[in-house]
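A closer look at the structure
This is what each chain is made of:
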Amino acid sequence: MKNTFWNIIVAVLIMTCMSACQDAANLLDKEESNDIYEEMVFSDPYNAVWFLNGVYSKLNNGYTVFPSGNGFLGLVVDEGSWKATWDNSYMMSSGSWANNKVLLDEDPWKKNYTAIRAANRVLEHADEIPDSSEPFIDESVRNRMKGEAQFLRAMFYYELLKFYGGVPIIKSVLEASEENELKKERASFDETVEFICSEALAAAEKLPHQDEYHDAEWGRATKGACYALVSRVRLMAASPFFNDMTNPEGCEWRGQYNAEKWVDAAEAANDFLTKTRGYAFHTSTAPTMYGDYEDLYLRRSSPEIILAYQQGVNAFKVEYYSYPGRFFNTAKPFSMLNNMPTLNTVAEYEYLDIDAEGNIKGSHLIGIDKLLELYESGGKGPGGFDPQNPYVNRDPRFYQSVWYNGEPHPAKEDGKGPMIFDLYHGGQDDPSTGSFYATGFLNRKFVDAQHAMTSSGSYKGNHNWIIFRYAEILLNYAEAVNEAYGPDAVPAGFTMSARDALNKVRERVKFPAYDLPDNKWPVGMPKNVKGSLPPVPAGLTTEQFRERVVHERRVEFLYEEHRYFDLNRWKQRSGMTVYAQIIDKDETTGALTYSAEPLMTKVWFDKFYLFPILVDEIEKSPKLKQNPGWDNVAE
């Protein structure tokens, strides 16, 4: 495995690295100067490398967003449901957050300014690292290390941008006497965007392509990571919330309106496709056991991965929080369970027309609104979709992302045969019987379904949190080119249309070629199907194609944190109602009846588009302007 790079991140050294960068009193302040510390770190090649590796450890890890229950950020929107009402994701969903507390696992302001300070240290001292044969250091490596630190600093400013908008830009390790810099005002949104993009492109000049690294260096920043960051930031800056024609004047929390920002976003995605190399869609490393899509999330390295948070090889959290307790032989059936997909999510997986020869002839969008109509009317949906037999012939990504009622676990047996997910009302795995919020589904994405869980510590995951991947660039391209030029145009200097890019993502979506006996085959998933998801047709309007982009991103990026920030940048947040799949079983005949039930209407105020800067930060730096709506501390 390509994980040698991270084997050298010793826990003690990470703690030393990051604690030396952090000031509990004020993240913009400078801690007491320690020349001995600086000399010890950057005069020793090992220490210098360890220090830089510690900066990487502050990248986003979406597996651990909330401090309680290991909930994904998607639980705050319509992707999933929380473990219980004490879970912080529930608190955010119910509007129970304010400018004097942080509900995430870490305060984004504090975490990212800590990391920026560490990156600034590397940039200021990298030239002091002496030549070395082990680890190998010469002028080219020092230059690369500066590129890594510059990219990482840009990444941390992006993290601040997505939560807060424009922020104070600090480019050096400040002295206590530099009060104006320590307590400077926020840069505008546009200024912060330009800083991030210019820094990322400058870093790209210093960094190698992914295929120029030795395997042992897997996980380091590359040219591709730099261009991917620019693509994401340009797309964000062009989107309606931040590029609002109804509020055209720029400020700290939005940019000055300019329709040409969509052109910038299109060019940024095209730059990635034309100026990087070595990236492609992931194909399964064991196709009889894992589909292409699910296998991607179980591997530490892949040609599809542009940048990932390097999770430890003994991590177990995703698996631990995705199964009912009986899969771990524990008497606490639901103490671990979290991240349950909603019916809203499941309704987005298309229904496919498949002929007798196994050819995919067409597909049909369903969606939660249509599904609710069908439950009300008792009728069938597009293409003959039967809401009373709902798991048949769905988008292949459904079977690789969601555990659903009646599905057998391919690796877990109980002496009678495969263990079955019993998610009907009163079934063994119905979380409502354990005082949890049942949705009728459990999370399979990121989970290795081929491992039998015999106890809570029997299996150690070996996969990373993906930050950027190739499919995102194609969907960024599709969205931006559509908004700038329309869905079918191929702009001068570009290689494909928006529709071509979106269809490349759909073309990768195929049914897994599992080698499983019938009693372990996913219920409703057809066998021996040829081909991919049907392409999006030509001739759609910009508005129609935009809806297809929204749909494709929602399905492709389930639980990858895109949905939360996509809804924000599209200005599409609202008090959305999430639904559970209700499954009743006739105890006499065994027949199942499917219906829907509202689970919660998630509370929404427009101030939630951005996070508040905590009150104590503003009290220490009065020039910091608070984000709209957050001036008063909630009781």
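In this text the structure is predicted, and so the values were computed from the model without any measurement.

With respect to the secondary-structure elements, Asn568 resides in helix 20 (residues 562-569). Residue Asn568 is classed as buried on the basis of its relative accessible area, which comes to 4%. Side-chain polar atoms of Asn568 contact the backbone oxygen of Tyr609, separated by 3.3 Å. In contact with Asn568, not counting residues within four places along its chain, are Phe241, Arg573, Trp604 and Tyr609.

Here strand 13 (residues 577-585) runs beside strand 14 (residues 592-601); their pairing, made up of 9 bridges, is antiparallel. Bridge pairing in strand 14 places Tyr579 opposite Pro598. Between strand 13 and strand 14, which pair antiparallel in sequence order, lie 6 residues; one of them, Gly590, sits at a positive phi of approximately 80°.

It is worth spelling out the packing of aromatic side chains at this point. We describe a pair of aromatic rings using the distance from one ring centre to the other and the angle between the two ring planes. Enumeration according to the criterion identifies 49 aromatic pairs in this entry. Arranged with centres 6.2 Å apart and planes meeting at 45°, the rings of Tyr399 and Phe511 form a pair that is tilted. In this pair, Tyr399 is assigned in helix 16 (residues 396-399) and Phe511 in the loop between helix 18 (498-508) and helix 19 (542-556), connecting sequence segments 112 residues apart. According to the relative accessible area criterion, Tyr399 is buried, its value standing at 0%. The ring of Trp521 has Lys527 lying over it, and the distance from NZ or CZ to the ring centre is 5.0 Å. When the ring centre of Trp630 is taken as origin, the NZ or CZ atom of Lys607, which lies over that ring, is 4.4 Å away.

With 18 residues, helix 6 (residues 108-125) should reach 26 Å at 1.5 Å per residue; the first-to-last C-alpha distance of 26 Å fits that figure. Counting buried residues in helix 6 gives 15 out of 18 residues, a clear majority hidden from the surface.

Pairs of packed helices are described in terms of their axes, by the angle between the two and the distance that separates them. With their axes 7 Å apart at the nearest point, helix 17 (residues 470-485) and helix 18 run at an angle of 150° to one another. When the axes of helix 17 and helix 18 are compared, the pair comes out roughly antiparallel. For the pair helix 17 and helix 18, the sense of crossing is left-handed. Two secondary-structure elements touch here, helix 17 through Ala471, Leu474, Leu475, Tyr477, Ala478, Val481 and Asn482 and helix 18 through Ala498, Ala501, Leu502, Lys504, Val505 and Arg508. Along the lines of polarity and charge, the residues of the contact of helix 17 with helix 18 split into 10 nonpolar, 1 polar and 2 charged.

Another aspect to go through is empty space enclosed by the protein. Per the stated rule, a full pass over the model turns up 10 cavities of 30 Å³ or more. Looking at the largest cavity, its volume works out to about 300 Å³. Along the wall of the largest cavity there are 23 residues; nearest its centre are Tyr158, Arg232, Glu561, His562 and Phe565. The dominant element in the lining of the largest cavity, judged by the number of residues it contributes, is helix 20, at 5 residues. Of the residues belonging to the lining of the largest cavity, the class tally is 10 nonpolar, 4 polar and 9 charged.

In this structure, Ser43 sits in the loop between helix 3 (35-42) and helix 4 (45-56). Sequence-wise, Ser43 and Pro130 are 87 residues apart; in three dimensions their C-alpha atoms are separated by 6.4 Å. Sequence-distant contacts of Ser43, that is, excluding residues within four places in its chain, are made with Glu38 and Pro130.

What counts, and at which threshold
Each chain has its residues counted from 1, following the order in which its sequence is written. This being a predicted model, a pLDDT of at least 70 is required before a residue's local features are given, and a value of 80 or more before pairs of side-chain atoms are given or counted; all residues contribute to the totals for chains, interfaces and linings. Calculation of side-chain values draws on the structure's entire complement of heavy atoms; hydrogens and water are dropped beforehand. Helix and strand assignments follow DSSP, with helices taken as H or I runs no shorter than four residues and strands as E runs no shorter than two, numbered in order from the N terminus. Note on classification: 1.4 Å probe, protein chains only; a residue is buried when its accessible area is under 20% of the maximum for its type, exposed when over 50%, partly exposed between these limits. Within 3.5 Å is the distance limit for a polar contact, defined as a pair of N or O atoms, with the added protein rule that one can donate a hydrogen and the other accept it, and that residues adjacent in sequence qualify only through two side-chain atoms. Residue contacts are defined here by distance: any two heavy atoms, one from each residue, within 4.5 Å place the two residues in contact. Only when DSSP finds a minimum of two bridges between them are two strands counted as paired. When the centres of two rings from Phe, Tyr and Trp lie within 6.5 Å, Trp using its six-membered ring, the rings pair. Their planes under 30 degrees apart give stacked, over 60 give edge-to-face, and anything left gives tilted. Working rule: Lys NZ or Arg CZ, within 6 Å of ring centre, within 35 degrees of ring normal, means a charge sits over the ring. Expected span of a helix, by definition, is 1.5 Å for each gap between consecutive residues, and there is one gap fewer than residues. Lines fitted to the C-alpha atoms define the axes, with helices restricted to the stretch that makes contact. Angles between their N-to-C directions range from 0 to 180 degrees. Angle categories are assigned with fixed cut-offs, so that under 35 degrees is roughly parallel, over 145 is roughly antiparallel, 65 to 115 is roughly perpendicular, and the rest are oblique. Less than a right angle of anticlockwise turn of the near helix away from the far helix marks a crossing as left-handed, whereas a clockwise turn marks it as right-handed. As a working rule, the residues Ala, Val, Leu, Ile, Met, Phe, Trp, Tyr, Cys and Pro are called nonpolar, Asp, Glu, Lys and Arg charged, and the rest polar, with Gly in that last group. In this analysis a 1.4 Å probe is tested at points of a 1 Å grid over the protein atoms alone, and where it fits but cannot get out there is a cavity; an open set with protein on both sides within 12 Å along at least five of seven lines is a pocket; lining residues have an atom within 4 Å of a point. Grid points are joined across faces, edges and corners, and a volume is the space filled by probe spheres set on the points.

Don't take any of this as a statement about function, it's just geometry.
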